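Residues per chain, in single letters:
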Amino acid sequence: MSRLQVVSGKGGTGKTTVAAALALALATAGKRTLLVEVEGRQGIAQLFETEALPYEERKIAVAPGGGEVYALAIDPEQALLDYLQMFYKLGSAGRALKKLGAIDFATTIAPGLRDVLLTGKACEAVRRKDRGGRFVYDYVVMDAPPTGRITRFLNVNDEVAGLAKIGPIHNQAQAVMRVLKSAETAVHLVTLLEEMPVQETVDGIAELRAARLPVGRVVVNMVRPQVLDAEDLELVRTVPRAALARSLSSAGLGGARRGGNAERLVEPLLGQAEEYAERYTLEEEQRSELGELGLPLHELPLFAEGMDLAGLYELATELRKQGMS
Amino acid sequence: MSPDPAQAHETPRARETSRTHDNPRAHESARRLAPARMLDIDPLLDDPETRIVVCCGSGGVGKTTTAAALGLRAAERGRKVVVLTIDPARRLAQSMGIDSLDNVPRRVKGTEGGGELHAMMLDMKRTFDEVVEAHADPERAAAILANPFYQSLSAGFAGTQEYMAMEKLGQLRARDEWDLIVVDTPPSRSALDFLDAPKRLGSFLDGRLIRLLTAPAKLGGRAGMKFLNVGMTMMTGTLGKLLGGQLLKDVQTFVAAMDTTFGGFRTRADATYKLLQAPGTAFLVVAAPERDALREAAYFVERLAAEKMPLAGLVLNRVHGSGAGHLSAERALAAAENLEESRIVDQEDGKEPCNSPDTYGGSDSPSSHPDPGATRADTPAPTGTDAPPDTDAPASADAPDPDPSVDQVTAGLLRLHAERMQLLFREQRTRDRFTALHPEVAVAEVAALPGDVHDLSGLRDIGNKLADNRRELPEPSA
């Protein structure tokens, strides 16, 4: 099992939720995981129903079996200052630089630099050991940028190579790439059973593979419950309307006669079934398209009432059951 | 569901009317706190004063599709329209017959009516290049385009896409070739990035630090600058160490070249910003009836107001409805259970009429419509007239339908309906929350489609739904 688990996905597919559930799932049985956020949206804090996360590793949840989930929202500016402090012993000069806007400048000047700082921090957590020589975190889970940008984000080496040909940033990029391209890392993509997210997933995987980044698993999120199966749908297509009306009537929904309450339900109910059938076919198509990727596929149920802490733990259990952790 | 004549447009020019107006059933069961105002799309699109429509909202709510559908509708109503999309899904580009969308507006074929539809996709790098080429002499332009810092900035700076979308909009508007420009906004992580990014890029490129960095080149030798230069050397030294000296030099030459060739990014950013505030621009916030999307929409509405930008209304995509809205989820589920239980009972000791508390009829007479051979095709569609007194009876025990699979199908249909009604109720609650916060915002609702749009007629269909969204309103549950 790779120790750095990167979770990406098209916007709106719930990648933050999946990343958090994965961090919980990996923390069971007494393990310790770090959940890392890189886009400054405080999605983790919202999900775990805590106040905004500062730039420090903080315990946010306890997993069944005594495991712990820590969380960290990486702020690129702060990461750069840390970094300068570590290599140059800048002291108060760092603050002066910040005041001048130099730090803001340096982190925005080149998207690659920003990304090196973010991925660098995550890689540092992966490799960090305590005094006894044991890893501080068993796993690091990163809530990464969306599919459209993930390859670029992780492929910092190429990004930075054109800009910083020498210097510590260059060296840092090299070190980060060694971790990211190794078996220590797995990049998972979250999708929905809809055309656009699936297309983006397929494209994203091709890009990751072309960049020789290790692709992990595909997680299909928010899968709707199956109310009617293929057999039911076939019956729906062939059943006489009058028989349906009588059946509705016998269920206590009014008269089956033409114009009766039960009879008047038949048309709209069949209309809804038709819509359902159309979606069902579409979803099956998307499922088989994902199947062709040749990657482990996981499905997580939709929580119609919205995601909350209880739902998160349920998803974590589901992920464990499906062998993702 | 049939159109309710009482709800027809009374004042076609009015942008909104009360949604539940004149619908007694809606009054009875209205759950919404205040009736949302109706957004009337056609007057907005037809008004010759409307020159720019901006579709904004968070990612994944159908923004691009809405922009394309609005463009098509306006064109088919006689206007000359260009749609500027940012990152259309392949299918959507194909639906406009232009899978090779590029930075130049292309005429979309197959539109009806007297107008014209053109479509284009923003190529941010190309647009940036064009800006440089338009404002620099060829030699200088070539130097800028070859600069590694420029290449990184034009391709990847967070906000370049937003900035370039604004730049392109400014260019299109300046050409005055189109009656109406419909703009899609970039798929940012937050809808607000779209408003912030141009300023951020502008202030970044015009900022104090960049000025400092480029100062020596421009002011070199002036006595008063000596002190500053010492500080500069220290600064550039540190940054140079960090980034590698080459990068810093690239930045310096880049900014110097840019600065002398066109009069400051900030000026340009400000100009496009003013264009957005001008009369003739209309913002449409696009959302789906989901908690996060509507929360984002509410932020956006507040932000537009703070920036004095004209908001026309909210487009709510993917709204679900039901033709059987009077049958509640609870009753549908109870009926489904009835059917499944009676199947078990049937197997044990024959049929037993099962009456739910809501059974309508009282008579036990057998169904007078024993038409087992009837197929769906020859049963007329139910009319949407007012409910006639329901005097007919539930089917009795000896109805000629021994096939248990029919009950199974019926139970399935009822469960499906219950799920739909629950969804519908949740959507309504989410909408109500938005309406309570922003009762002033007019809303247009578009029914959910099972699949993606593949062609012009699909877009036209969405346009129709947008313009006539009243019929898509779910019937209130009784």
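Scoring rules and cut-offs
- Residues numbered from 1 in each chain as written.
- Chains lettered and ligands numbered in written order.
- Predicted model: local features only at pLDDT ≥ 70, side-chain atom pairs only at ≥ 80, totals over all residues.
- Helix = DSSP H or I, 4+ residues; strand = E, 2+ residues; numbered from the N terminus.
- Buried ≥ 20, exposed ≤ 12 C-beta atoms within 10 Å, placed from the backbone.
- Contact = placed C-beta atoms within 7 Å.
- Pairing = 2+ DSSP bridges.
- Axes fitted to C-alpha atoms, helices over the stretch in contact; angles between N-to-C directions.
- Expected span 1.5 Å × (residues − 1).
- Arc of directions from axis to C-beta.

Can you help me understand the overall build of chain A in this one?
Per the secondary structure count, chain A includes 14 helices and 8 strands. Sorting the 325 residues of chain A into buried and exposed places 51% on the buried side. In chain A, the share of contacts with a sequence separation of at least 24, taken over all contacts with a separation of at least 6, comes to 70%.

Can you help me understand the sheet that holds strand β1 (residues 37-38) of chain B in this one?
Paired through backbone hydrogen bonds, the strands of a sheet run either parallel or antiparallel to each other. All names here are of chain B. Strand order across the open sheet formed by 9 strands is β1-β9-β8-β7-β2-β6-β3-β5-β4, with mixed pairing between neighbours. The outermost strands of the open sheet, each flanked by one partner alone, are β1 and β4 (106-107). Taken together, the 5 bridges between strand β2 (residues 52-56) and strand β7 (residues 281-287) define a ladder with parallel strand orientation. In the sheet register, C55 faces β7, and the bridge partner there is L284. Docked against the sheet, helix α14 (residues 291-306) engages β2, β7 and β8 (311-319), running at close to 160° with respect to β7.

Before we go on, may I ask you to explain helix α5 (residues 124-135) of chain B in this structure?
An α-helical turn contains 3.6 residues, so any two residues separated by three or four positions project in the same direction. Residue and element names in this part refer to chain B. Helix length check: α5 (12 residues) gives 17 Å between terminal C-alpha atoms against 16 Å at 1.5 Å per residue, within 8%. Buried residues of α5: M124, T127, F128, V131 and V132, and no others. Along α5, the residues classed as buried sweep out an arc of 140° about the axis, all on the same side.

Just checking my understanding: could you explain the environment of B:A329 for this structure?
Residue and element names in this part refer to chain B. The topology assignment puts A329 in helix α15 (residues 329-349). Taking the C-beta count within 10 Å as the criterion, A329 has 19 such neighbours and is therefore assigned partly exposed. Sequence-wise, A329 and L424 are 95 residues apart; in three dimensions their C-alpha atoms are separated by 10.0 Å. Residues in contact with A329, not counting those within four places in the same chain, are A418, M421 and Q422.

Is there a simple way to explain the sheet that holds strand β1 (residues 4-9) of chain A in this structure?
Residues and elements named next belong to chain A. One open sheet holds the 8 strands; their spatial order is β3-β4-β2-β5-β1-β6-β7-β8, and the pairing between them is mixed. Either end of the sheet is taken by a strand with one partner, and the two such strands are β3 (58-63) and β8 (297-301). Across the sheet, the mean angle from the axis of one strand to that of its neighbour is 25°, orientation sign disregarded. Here strand β2 (residues 32-37) runs beside strand β4 (residues 67-73); their pairing, made up of 6 bridges, is parallel. Bridged to L35 within β4 is A71.

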